[in-house]
Amino acid sequence: MRILALTGAILLLLAGCGYKPVAQYAKEVLGERIYVDIAINLRDPENSVLIKDALSQAIMTRLHGKLASKESADSTLRVTLNSANFTSLADNKEGFTTFYRAQVSLGFAYEDKEGKARRFNSMGRYDFSIDDSSILSDSKRFEAIKSASIQAIDHFISHIAMQGAKGVQP
C-alpha cells in the first residue's frame, strides 16, 4: 500500500513539473519514423554492421521510434564510423597489456522532420580487461566497439533531445 502511494506521489510530482521523457523531446526533432543509413567502412565492414545494430536498437528502445523506408520516414539519419581505436591502459608485470580502452568516433548527418540538414560528431569510450593471455580476441574487440558505439549514439540522442527541449532545431 505504501509503495503504491509513493509511486502515485512521484508520478503526480513529475507530471506537475512538466517532465517529459527524452524520447518525447527527440521525437519533436526527428519524428517517429526514422530512416537509417550506415556508411560502410571498407577497411572494417564488421564494425559498420555492429553500429547499425546498435543504432537500430537505440531508435526502438531509447527513442521509441520506428525504422522506416526512406520514402515514408519523417527524418533521415546517416552514420559514419570516423575511427575506432584501442589504447593500452594497464600492463602486467611481464609488460603485456591487460586493460584497454576502445574509443569510437561516429559522424551523424541527419535531416530532421522539417527537412533541415544537420551534422553532429560524437565519441564513445569503453574500458575493458582481457585475460592473462594478453590477446585481444575478435569477440572482445567487437564487444568493445559496440559498447563504445552505444555510448556515442546515446550522446547523439541526448544532443537531439536537448534541442527538442529548448524548442530550437539543432
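Predicted model only: the values in this text are computed from it and were never measured.

Asker: I tried to follow the overall build of the protein chain on my own but got confused; where do I start?
Answerer: Helix and strand counts for the protein chain stand at 4 helices and 5 strands. Counting across all 170 residues of the protein chain, residues that qualify as buried make up 35%. Relative to all contacts within the protein chain whose residues are 6 or more apart in sequence, the contacts with residues 24 or more apart total 67%. Taken as a whole, the protein chain presents about 10200 Å² of accessible surface, with 54% of it coming from carbon and sulfur.

Asker: When you look at the packing of helix α2 (residues 22-30) against helix α4 (residues 138-166) in this model, what are you seeing that I'm missing?
Answerer: If you want to describe how two helices pack, look at the angle between their axes and the distance between the axes. Close contact between α2 and α4 brings their axes to 7 Å; oriented N to C, the two are set at 80°. Relative to α4, the element α2 lies roughly perpendicular. Facing α2, whose interface residues are Val22, Tyr25, Ala26, Glu28, Val29 and Leu30, α4 presents Ile157, Ile160, Ala161, Gln163, Gly164 and Ala165. Residues belonging to the contact of α2 with α4 are distributed by class as follows: 9 nonpolar, 2 polar and 1 charged.

Asker: Looking at this structure, I do not really get empty space enclosed by the protein. What am I missing?
Answerer: Any empty space left between atoms is shown by rolling a water-sized probe over those atoms. This model, assessed by the stated rule, comprises 1 cavity of 30 Å³ or more. Every residue lining the largest cavity is listed: Leu30, Leu55, Ile59, Leu63, Leu77, Ile153, Phe156 and Ile157. Those elements that provide at least two residues to the lining of the largest cavity are α3 (45-61) and α4. When residues in the lining of the largest cavity are grouped by element, the largest group, 3 residues, is from α4.

Asker: What am I meant to see in the environment of Ala84 here?
Answerer: Looking at the element boundaries, Ala84 is found in strand β3 (residues 75-91). You can call Ala84 partly exposed: its relative accessible area is 28%. Spatially, the C-alpha atoms of Ala84 and Gln103 are 5.7 Å apart, while their sequence positions differ by 19 residues. With sequence-adjacent residues up to four places away left out, Ala84 is seen in contact with Gln103, Val104 and Ile145.

Asker: Help me understand the pattern of salt bridges, please; the structure alone is not making it clear to me.
Answerer: Any two side chains of opposite charge can pair, so long as their charged atoms come close to each other. What the rule picks out here adds up to 6 salt bridges. Where Glu32 meets Lys66, a salt bridge forms, and the shortest distance between an N and an O atom there is 3.1 Å. With Glu32 in the loop between α2 and β1 (33-39) and Lys66 in strand β2 (residues 66-67), this residue pair connects regions lying 34 residues apart in the sequence. Given the relative accessible area of 48%, Lys66 is considered partly exposed.

Asker: Got a minute to help me understand α2 in this structure?
Answerer: An α-helix turns once every 3.6 residues. As a result, residues three or four positions apart point the same way. Taken as a whole, α2 has its buried residues at Ala23, Tyr25, Ala26, Val29 and Leu30. Projected down its long axis, α2 shows its buried positions confined to an angular sector of 160°, all on one face. Of the surrounding secondary structure, the elements contacted by the buried residues of α2 are β1, β3, β4 (97-111) and α4. Looking one or two places after α2, you find Gly31, whose phi comes out positive at around 85°.

Asker: Could you clarify how one ought to interpret the confidence of the model for the protein chain in this entry?
Answerer: Should pLDDT be low for a region, the predicted coordinates there are not to be read in detail. Taken residue by residue, the protein chain gives an average pLDDT of 83. The fraction at 70 or more is 86%. Highest mean pLDDT in the protein chain belongs to strand β5 (residues 117-129) (93); lowest belongs to helix α1 (residues 2-16) (63).

Asker: Explanation requested: the pairing of β3 in the structure shown.
Answerer: Looking along a regular strand, one sees the side chains alternate between the two faces of the sheet. Strand direction decides the pairing type here: β1 and β3, joined by 6 bridges, are parallel. What sits directly across from Ile38, in β3, is Val79. Where β3 meets β4, 14 bridges bridge the pair, whose relative direction is antiparallel. Along β4, the bridge assignment pairs Ser83 with Ser105. Counted between consecutive antiparallel strands, the loop separating β3 from β4 contains 5 residues, among which Gly95 sits at a positive phi close to 90°.

Rules used throughout
- Residues numbered from 1 in each chain as written.
- Predicted model: local features only at pLDDT ≥ 70, side-chain atom pairs only at ≥ 80, totals over all residues.
- Heavy atoms only, no water.
- Helix = DSSP H or I, 4+ residues; strand = E, 2+ residues; numbered from the N terminus.
- Buried < 20%, exposed > 50% of the residue type's maximum accessible area, 1.4 Å probe, protein only.
- Contact = heavy atoms within 4.5 Å.
- Areas by Shrake-Rupley, 256 points an atom, 1.4 Å probe, with all protein chains shown as cover.
- Axes fitted to C-alpha atoms, helices over the stretch in contact; angles between N-to-C directions.
- Parallel < 35°, antiparallel > 145°, perpendicular 65-115°, else oblique.
- Nonpolar A, V, L, I, M, F, W, Y, C, P; charged D, E, K, R; others polar.
- 1 Å grid on protein atoms, 1.4 Å probe; cavity = no way out; pocket = protein on both sides within 12 Å on 5 of 7 lines; lining within 4 Å.
- Points joined across faces, edges and corners; volume = space filled by probe spheres on them.
- Salt bridge = Lys/Arg side-chain N within 4 Å of Asp/Glu carboxyl O.
- Arc of directions from axis to C-beta.
- pLDDT = per-residue confidence, 0-100.
- Pairing = 2+ DSSP bridges.

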